[in-house]
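Listed here are the chains, written in short residue letters.
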Amino acid sequence: MAEAYDFTAVERKWQERWASEGTYEVAQDDPRPAYYVLCMYPYPSGRAHMGHVRNYTFGDLIVRHRTMNGQAVLSPIGFDSFGLPAENAAIQTGVHPRTFTDARIEELKSSLKAIGAVYDWRREIRSHDPAYIRWNQVIFKRFLEAGLAYRAMAPVNWCPGCQTVLANEQVLADGTCERSGDVVTKRDLEQWFFRITHYADELLAALDGLDWPERVKTMQRNWIGRSEGAEFDLAVEGRPDLKLRVFTTRPDTSFGMTYAVLAPEHPLVAELTTADRRPDVEAFVERVRRTSEIERQSTEGPLEKRGVFTGSHVANPFNGRSIPVYLADYVLMGYGTGAIMAVPGEDQRDWDFAKAYGLPIIRTVEPPEDWEGEAYTGDGPAINSEWLDGLEVAAAKQRAIEWLEEKGLGVRKVNYRLRDWLVSRQRFWGCPIPIVYCADCGAVPVPDEELPVLAPDDVEFRPTGESPLKFHDGFRLVKCPSCGGEGERETDTMDTFVDSSWYFLRFCDPWATDEPFSPAAAEHWMPVDQYIGGIEHAILHLLYARFFTKALADVGLAPAGLREPFSRLFTQGMVRLGGTRMSKSKGNLVSPDEVLAEVGADALRLSHLFAGPPADDVDWEGVSVEGCFRFLNRLWRLGTGQVDGDIGDRAEQDADVEIERATHRLITKVDQDYGRWSYNTAVAALMEFTNTLYEYVRSGARRQTLDEAFDTALLLLAPMAPHMTAELWERRRGGRIHAMSWPQADPELARLQKVMLIVQVNGKVRDRIAVDADISAEDAEAVALASPRVVELLGGRQAKKVISRPPRLVNVVV
RNA sequence: GCCCGGGUGGCGUAACCGGUAGGCGCGGGGGGCUUAAACCCCCCUGAGGGGCAACCCUCAUGUGGGUUCGAAUCCCACCCCGGGCACCA
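Asker: Would you mind showing me how to read the side chain of D656 here?
Answerer: Along the chain, D656 falls in helix α21 (residues 654-675). Within the local environment of D656, its side chain forms a polar contact with the side chain of R650, the two groups lying 2.5 Å apart.

Rendered as structure tokens:
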């Protein structure tokens with residue numbers, strides 16, 4: 001029966017079975033403990049790429065592993081199906097984005113099935129599904145009612161490539177668009193925002209309790225950027241009607257302020273500019289306005305050109321001293337009050353500016369004696385600060401804030417770098433914002449019973465860069481829901497990150513028709529126990545989803561106690577090729593389909609798992625598909641009796657007991673590895689074990705021992721290579737391997753009984769002696785000293801010291 | 001500049017709590033099977049040296065120091081690679 005493994009037939013057979021038997025469909029009333037595994041909502045870009053395969057292999061493996069461990073595992077999937085590529089395709093080909101998108105979804109679905117990933121397909125979600133759109137719009141309205149959504153005029157990020165505005169999170173540090181790479185410009189537009197800043201403190205504090213990679217948490221902390229300090233007013237000299245409010249994190253250094261600075265966009269600029277300074281100031285403001293955001297953000301450029309004196313002076317409330325007011329491009333209107341007090345002694349930027357403009361510098365913190373730098377930002381006693389003198393920084397801060405509050409001059413204040421989330425997008429292929437504008441009533445929400453607001457199909461896609469909705473009168477011109485007068489529909493759609501901010505909740509109850517999801521279902525499944533995705537979403541998606549979860553709980557749509565969506569997050573590494581990221585534009589894609597055709601799904605999955613630690617990037621060039629394929633075929637031959645050797649029934653001998661013991665050690669090892677995401681070493685252990693079984697068969701095996709050992713290995717491998725293990729199990733034992741219980745190691749059997757004792761002399765290995773695993777320190781020492789090698793090396797000398805660490809090691813020091 | 005990761009054979013990786021560095025796989029070499037090749041099976045494979053041999057010795061985990069009986073692992077300094085943040089007052 002020399003039957004080669006026919007992966008094509010076996011994979012098809014089992015994929016059909018898993019689907020037809022509904023193996024991974026779960027219900028809320030399942031008595032087993034609930035467990036929720038989720039891979040990040042994929043954008044349907046067609047056939048899966050290697051990054052997808054890696055991601056979904058991990059996800060699928062966990063689903064199967066947890067199920068074998070007796071849990072009711074919720075494993076849903078859906079498609080983040082709104083977005084620009086479909087709209088761009090429509091402009092190029094005239095095909096409607098829905099047609100385009102649905103075709104891509106089918107491709108991705110068939111890819112997922114082809115790698116053997118299993119889901120509760122009944123729960124599938126698509127963002128562009130009218131039912132999903134409806135609940136998106138309802139959520140928008142609830143946020144609006146709760147004050148968590150609002151419309152405001154603001155200088156916003158405009159991406160000329162995407163022809164839409166972007167959220168701050170979607171603009172990279174270099175001022176380019178996260179999606180298209182175009183340079184983002186600023187525009188003043190009236191747009192819709194979500195008040196994510198309302199949750200700034202909670203979003204920050206709750207990070208501590210999350211089992212997430214520290215790297216991701218740090219990135220979120222930086223992004224939220226909390227800083228504590230004080231806000232207070234500076235009286236404008238000669239203008240009792242004006243005050244200049246500043247924010248500082250260092251109120252303790254206030255006695256050292258020697259000038260103040262406004263952002264060029266500050267509303268008081270005109271008021272504070274004196275007649276003789278006006279030409280210079282206006283020229284400066286004009287120049288800054290023309291400067292691109294990137295240039296302005298860069299630290300480059302001569303400081304002399306980056307500021308200008310206004311001609312006005314303000315009073316330092318701490319000592320009444322008069323200080324000049326400047327404008328500088330490095331002060332940002334969007335943060336704090338858009339104005340600062342400058343303390344060059346303790347802030348390097350202020351120091352540099354003071355040097356450039358010949359402004360005085362007063363130190364208010366005593367630097368260490370060996371201090372050779374310029375501005376000193378470290379700890380130390382206050383100096384030159386009257387009643388703060390001698391206090392350390394933290395105490396001086398508190399004292400200064402108390403003083404400001406006592407005198408009614410200012411308040412303690414916390415500021416965040418985080419801005420509200422701009423959700424308007426001037427695009428067609430997204431969820432319409434359910435608002436009608438009326439000359440009399442203003443912005444009126446569309447009544448719930450009229451939802452969803454759906455984009456019309458009879459639109460023409462033209463490369464004008466503007467949303468076709470703007471030119472579709474049938475869509476745009478409507479009656480005001482409030483007064484019945486002439487109204488105009490909002491033609492902007494929502495950021496697609498809105499869709500991915502609550503899909504994991506909808507998965508709990510995708511059948512709900514009266515609400516986005518039933519709170520009871522969310523209560524049952526949420527939070528997601530294991531979330532898996534790429535590090536690239538560290539800020540964007542993961543921060544938005546956290547905000548949504550809190551906001552939905554607060555508006556009563558989600559359980560009140562549900563504050564965080566993802567208890568545990570795993571961020572897998574990227575798949576690269578030849579050192580660079582695989583991408584369509586680079587033309588360096590390795591298609592999973594080709595690999596699938598050559599070696600099948602199990603070998604492809606194992607290749608990803610074996611390639612290295614899941615959190616690390618992998619270079620596909622170094623991935624050994626062959627090795628995994630060979631391993632599977634070796635396993636197949638062993639499992640189907642195609643290995644030469646002597647297998648018979650007999651009484652148990654020492655060699656058999658050794659195999660039994662090795663089997664239990666394998667269980668311990670592999671089980672541990674599953675628990676710590678160390679699949680590469682789990683695969684290595686299974687390979688090693690298979691090699692051991694080959695030797696065992698060659699040297700004469702006891703049938704029962706071999707079968708138990710082999711079947712245990714199959715069980716351990718079942719989550720990783722589901723097709724072959726299912727087939728072998730059915731042939732050998734009958735039934736479904738994935739319905740079996742996860743093997744349990746017998747600790748007594750797993751324990752080694754004989755160990756190699758390493759004998760060192762002066763830290764160098766000089767002998768190895770087999771000893772009992774439970775040998776005492778004294779016995780180990782005696783054995784070691786009796787070793788001929790040791791006796792020889794000692795040459796009659798007395799050991800100065802003997803370190804005995806049974807059962808592994810004895811070190812003889814002479 | 002600051003904050004995280006990471007530098008181990010020809011390559012990808014392993015070594016979990018300071019205790020045999022190199023397990024697994026790739027690649028390479030040798031042998032078997034075969035008319036032949038592929039597949040498959042077995043053995044060898046860090047570098048250098050010694051021995052007829054079983055074996056033995058020395059060196060080796062980015063570099064340089066340190067702690068320790070003992071360091072890939074801990075500490076200090078430095079170099080290189082990857083990632084994040086970077087006028088946020």
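Asker: How should the packing of helix α7 (residues 214-224) against helix α17 (residues 540-554) be read in this particular structure?
Answerer: To describe two helices that pack against each other, one gives the angle between their axes and the distance between the axes. α17 packs onto α7 with a crossing angle of 75° between their chain directions and a minimal axis gap of 10 Å. Taken together, the axes of α7 and α17 are roughly perpendicular relative to one another. Across the interface between the two elements, V216, Q220, W223 and I224 from α7 touch L542, L543 and R546 from α17. Per-class residue counts for the contact of α7 with α17 are 5 nonpolar, 1 polar and 1 charged.

Asker: Help me out: how do you make sense of the pairing of strand β12 (residues 322-328) in this one?
Answerer: Along any regular strand the residues' side chains alternate between the sheet's two faces. When you tally the buried positions in β12, you get 6 out of 7 residues, the bulk of the element. In the sheet, strand β10 (residues 259-262) pairs with β12 via 3 bridges, with the strands oriented parallel. Considered in β12, the bridge of A260 is made with V325. As consecutive antiparallel partners, strand β11 (residues 307-315) and β12 are separated by 6 residues, and within that stretch G320 has a phi angle of approximately 75°, a positive value.

Asker: Got a minute to help me understand the protein's contact with RNA strand B in this structure?
Answerer: The full set close to RNA strand B counts 52 residues, and T249, R306, Y335, R349 and R417 are the nearest of them. Sugar plus phosphate, as a fraction of atoms of RNA strand B within 4 Å of the protein: 65%. Take S227: an N or O atom from its side chain is 3.0 Å from a phosphate oxygen of RNA strand B. Here a sugar or linking oxygen of RNA strand B and a side-chain polar atom of T248 are 3.0 Å apart. Ranked by the residues each element gives to the surface near RNA strand B, the list is headed by helix α22 (residues 679-698), at 8 residues. In terms of residue class, the surface near RNA strand B is made up of 19 nonpolar, 13 polar and 20 charged.

Asker: Could you clarify how one ought to interpret unusual backbone geometry in this entry?
Answerer: Among all residues except glycine, the phi angle is most often negative; among peptide bonds, the trans geometry is most common. Here L451 and P452 are connected by a cis peptide whose omega angle stands at 5°. Within the secondary structure, P452 sits in the loop between β18 (442-445) and α13 (473-476). For N384, which is not glycine, the phi torsion reads 55° and is therefore positive. Position of N384 among the secondary structure elements: in the loop between α11 (348-357) and α12 (393-406). Under the relative-accessibility criterion, N384 is labelled partly exposed at 48%.

Asker: How should helix α19 (residues 601-610) be read in this particular structure?
Answerer: In an α-helix, one full turn covers 3.6 residues, which means residues spaced three or four apart are oriented alike. In terms of burial, α19 is largely enclosed, as 9 of its 10 residues are buried. Restricting attention to buried positions, one finds in α19 the residues A601, D602, A603, L604, R605, L606, S607, H608 and L609.

Asker: Explanation requested: the sheet that holds strand β6 (residues 164-166) in the structure shown.
Answerer: Working definition: the strands of a sheet are paired by backbone hydrogen bonds and lie parallel or antiparallel to each other. Spatially, the 4 strands line up as an open sheet ordered β6-β5-β7-β15, and their pairing is antiparallel. Edge positions in the sheet fall to β6 and β15 (421-422), since each of these pairs with one other strand and no more. Alignment of strand β7 (residues 185-194) against β15, held across 2 bridges, turns out to be antiparallel. Each residue of the ladder has a partner; that of F194, found in β15, is W421. Set on the sheet, helix α5 (residues 130-145) makes contact with β5 (149-159) and β7; between it and β7 the angle comes to about 90°.

The rules behind each value
Position labels on residues start from 1 in each chain and follow its written sequence. Just so you know, chain letters begin at A and ligand numbers begin at 1, following the order they were written in. Only residues with pLDDT of 70 or above have their local features reported here, since the model is predicted, and side-chain atom pairs are shown and tallied only from 80 upward, although totals for entire chains, interfaces and linings are computed over all residues. Just so you know, side-chain values use all the structure's heavy atoms and leave hydrogens and water out. Only DSSP runs of H or I covering at least 4 residues are called helices, and only runs of E covering at least 2 are called strands; the numbering of each starts at the N terminus. Counted as a polar contact is a pair of N or O atoms within 3.5 Å, where, for protein atoms, one must be capable of donating a hydrogen and the other of accepting one, and residues adjacent in sequence contribute only when both atoms are in side chains. Each axis is a line fitted through C-alpha atoms, taken for helices only over the stretch in contact, and angles between the N-to-C directions span 0 to 180 degrees. In this scheme, roughly parallel covers angles under 35 degrees and roughly antiparallel covers those over 145, while 65 to 115 is roughly perpendicular and the rest are oblique. Any two residues whose heavy atoms approach within 4.5 Å are treated as being in contact. Each residue is assigned to one of three groups, with Ala, Val, Leu, Ile, Met, Phe, Trp, Tyr, Cys and Pro labelled nonpolar, Asp, Glu, Lys and Arg labelled charged, and all others, Gly among them, labelled polar. Each residue gets one of three labels from its accessible area relative to the maximum for its type: buried under 20%, exposed over 50%, partly exposed in between, using a 1.4 Å probe on protein chains only. Here, any two strands with at least 2 DSSP bridges between them count as paired. Consider each residue's heavy atoms; a residue with any of them within 4 Å of a molecule or strand counts as near.

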